[in-house]
Every structure is written in C-alpha cells, then in structure tokens.
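One letter stands for each residue in the lines below.
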Amino acid sequence: MYEQFIELTDQLFWEGYAEQLAQENPAQFQMEFRDFLNTYQY
C-alpha cells in the first residue's frame, strides 16, 4: 500500500512530492498516508 500511496500522491501533485513531503513535514506525510489507508483499505 505504501508504494501505491507514493504513486498516487506523485500523480496528483508532481514526481517526488511524496518524498519531499516526508522529508520536510513527516507528520503531514504520516497523516496523509493514514488517511489513504483508511480510505482505500479493503
């Protein structure tokens, strides 16, 4: 699921956005990843 989150986030914004967010604002990255998991888990 992590790889899917990275791919989706990069498609929505720009290539490398997810990595940049993880480095610059880890709390925001974790919150968005948690939201993604809550939304898309089966």
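The rules behind the values
Residues numbered from 1 in each chain as written. Predicted model: local features only at pLDDT ≥ 70, side-chain atom pairs only at ≥ 80, totals over all residues. Heavy atoms only, no water. Buried < 20%, exposed > 50% of the residue type's maximum accessible area, 1.4 Å probe, protein only. Helix = DSSP H or I, 4+ residues; strand = E, 2+ residues; numbered from the N terminus. Arc of directions from axis to C-beta. Contact = heavy atoms within 4.5 Å. Lys, Arg positive; Asp, Glu negative; His and termini not counted. Salt bridge = Lys/Arg side-chain N within 4 Å of Asp/Glu carboxyl O. Polar contact = N/O pair within 3.5 Å; in protein donor to acceptor, adjacent residues only side chain to side chain.

Draft legend 1. Quick look at helix α1 (residues 2-12). All of the buried residues in α1 are Phe 5, Ile 6, Thr 9 and Asp 10. Summarising the axial view, the buried residues of α1 lie within an arc of 125°, below the 170-degree limit, and thus occupy one face. Exposed and oriented more than 90 degrees from the buried face of α1 are Glu 3, Glu 7, Gln 11 and Leu 12. In the core, the buried residues of α1 are packed alongside α2 (17-24) and α3 (26-40).

Draft legend 2. Layout of the side chain of Asp 10. With respect to the helices and strands, Asp 10 occurs in helix α1. Despite its burial, Asp 10 pairs with no opposite charge, the nearest such side chain being Arg 34 at 18 Å. In this structure the side chain of Asp 10 is engaged in a polar contact, spanning 3.5 Å, whose partner is the backbone nitrogen of Gly 16. Side-chain polar atoms of Asp 10 contact the backbone nitrogen of Tyr 17, separated by 3.2 Å. Leaving out residues up to four positions away in the same chain, Asp 10 has contacts with Glu 15, Gly 16, Tyr 17 and Ala 18.

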